[in-house]
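# Understanding the architecture of this molecule
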Amino acid sequence: MTLVQLEYIVAVDTYRSFVSAAEKCFVTQPTLSMQVQKLEEFLNVKLFDRSKQPIVPTEIGAQIIDQARIVLQENKKIKEIISSQQQEVTGELKIGIIPTIAPYILPKVIAAMLEKYPDLKLIIWEYTTEDIIHHLKTGVIDCGILATPLVDANIAETPLYYENFVSYISKSSKLYKKKAIDAEDFEDENIWLLNEGHCMRTQVLNICRTTKNNRLQSLTYNTGSVETLIRMVDANNGATLLPELALEELSAKQLNKVRYFKSPEPVREISLVTHKNFIKKRMLNALKDEVLAIIPKTMKQRKKKDVIGI
């Protein structure tokens, strides 16, 4: 039994395809298949049910693959110990981030990290929360930046900041004349929302459903982009809720349409998350430091804020 063989069976389980697993492992498909078969012969068990598409592990195969992930994770700790001793931030860090955070922090964070850590390779994907959790558990990514709490025993969360939700209201709305608003004010308002699958959509619904009648009058459009929500209000009236960091992208004219909530203000908790067995601590701390360096001081405290669940 070899570590390479364990890497191959984990890859097949992750991508549910021998072809895709071979591509990700940078080997030919026959080479990967042969090594998996050798491991099966050594263990005298079938690890995968090849009759199904996509391929799935057998019952005992799933248990062995889970143990293989632990073995590979423990093996990586040796390199991490050496890197930590040498005070280096080197290697590869794979990051998943939700789309409603990425545009507002990534450009500055990436620029800072590439300058400070030339030997660090960053690989970044924009995913939904559900995908980030799945990819953390299967080892596709190392960490995620998303809204929490997740309430998942297998995921470790490190809160970074608390970002206010603000309302963005058309001039034709009766709310436009208000200086500050409550959730109840949206009772009869036309709200523009993100698509299903975005945690911010759920948070907005959680805020607006605290109204007396516990309803939204009209959900007329769905999108995956915060920028599109802004444009829909500008062109078609109504209102939407935005994360506060998005305000940096607004013009002076658009900022006149922004209204803050009365205290306690609804916020989303943004955290750096990893699998509970994550080991690249030095890389993670470097990422955490760079994110916190660009976040306003007022967002780093939870006091007098209402964290909205996802």
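Residues numbered from 1 in each chain as written. Predicted model: local features only at pLDDT ≥ 70, side-chain atom pairs only at ≥ 80, totals over all residues. Heavy atoms only, no water.

## Notes on the packing of aromatic side chains
Geometry of an aromatic ring pair is reported as the spacing of the ring centres plus the angle between the planes. Taken as a whole and assessed by the stated rule, the structure comprises three aromatic pairs. On the basis of an interplanar angle of 15° and a centroid distance of 6.1 Å, the ring pair of Trp 125 and Tyr 127 is categorised as stacked. According to the relative accessible area criterion, Trp 125 is partly exposed, its value standing at 29%. Assessed through its relative accessible area of 17%, Tyr 127 is described here as buried. The lysine or arginine in question, Arg 259, covers the ring of Tyr 176, its NZ or CZ lying 4.8 Å from the ring centre. (Phe/Tyr/Trp six-rings, centres within 6.5 Å; stacked < 30°, edge-to-face > 60°. Buried < 20%, exposed > 50% of the residue type's maximum accessible area, 1.4 Å probe, protein only. Lys NZ or Arg CZ within 6 Å of the ring centre and 35° of its normal.)

## Side note on the environment of Arg 209
Of note, Arg 209 is situated in the loop between helix H7 (199-208) and strand E9 (218-223). Look at Arg 209 and you get partly exposed, because its relative accessible area is 45%. (Helix = DSSP H or I, 4+ residues; strand = E, 2+ residues; numbered from the N terminus.)

## As for the confidence of the model for the protein chain
Residue-level pLDDT values for the protein chain average 88, and 93% of them are 70 or greater. Ranking the elements of the protein chain by mean pLDDT puts E9 last with 52 and strand E5 (residues 143-148) first with 96. Here residues 211-220 scores under 50 on pLDDT; set against residues more than four positions off or in separate chains, the count is 23 contacts. (pLDDT = per-residue confidence, 0-100. Contact = heavy atoms within 4.5 Å.)

## Comments concerning the nonpolar core
Residues Leu 93, Ile 105, Ile 145, Tyr 161, Phe 186, Leu 287 and Val 291 are the most contacted members of the largest nonpolar core, which totals 73 residues. For this core, the leading source of residues is strand E6 (residues 155-169), giving seven residues. Sequence-distant contacts of Phe 186, defined by excluding residues within four places in its chain, comprise Ser 167, Leu 175, Ile 181, Ile 191, Cys 208, Ala 239, Leu 241 and Phe 261. (Core = buried A, V, L, I, M, F, W, Y, C linked by side-chain atoms within 4.5 Å.)

## Details of the pairing of strand E3 (residues 91-97)
Along E3, five of the seven residues are buried, which leaves the element largely enclosed by surrounding structure. Relative to strand E4 (residues 120-126), E3 is paired through seven bridges, and the arrangement is parallel. The residue of E4 that forms the bridge with Leu 93 is Leu 122. Relative to E5, E3 is paired through three bridges, and the arrangement is parallel. Residue pairing for E5: Ile 95 is matched across the bridge by Cys 143. (Pairing = 2+ DSSP bridges.)

## Concerning the packing of helix H5 (residues 102-116) against helix H10 (residues 281-294)
Contact pair H5 / H10: the axes reach a minimum separation of 9 Å and the direction vectors enclose 130°. In terms of axis orientation, H5 runs oblique to H10. With respect to the hand of their crossing, H5 and H10 are arranged in right-handed fashion. Here Ile 105, Lys 108, Val 109, Ala 112, Met 113 and Lys 116 of H5 lie close against H10, whose contacting residues are Ala 286, Leu 287, Glu 290, Val 291 and Ile 294. Grouping the amino acids of the contact of H5 with H10 by side-chain chemistry returns eight nonpolar, no polar and three charged. (Axes fitted to C-alpha atoms, helices over the stretch in contact; angles between N-to-C directions. Parallel < 35°, antiparallel > 145°, perpendicular 65-115°, else oblique. Left-handed = near helix turned anticlockwise from the far one by under 90°. Nonpolar A, V, L, I, M, F, W, Y, C, P; charged D, E, K, R; others polar.)

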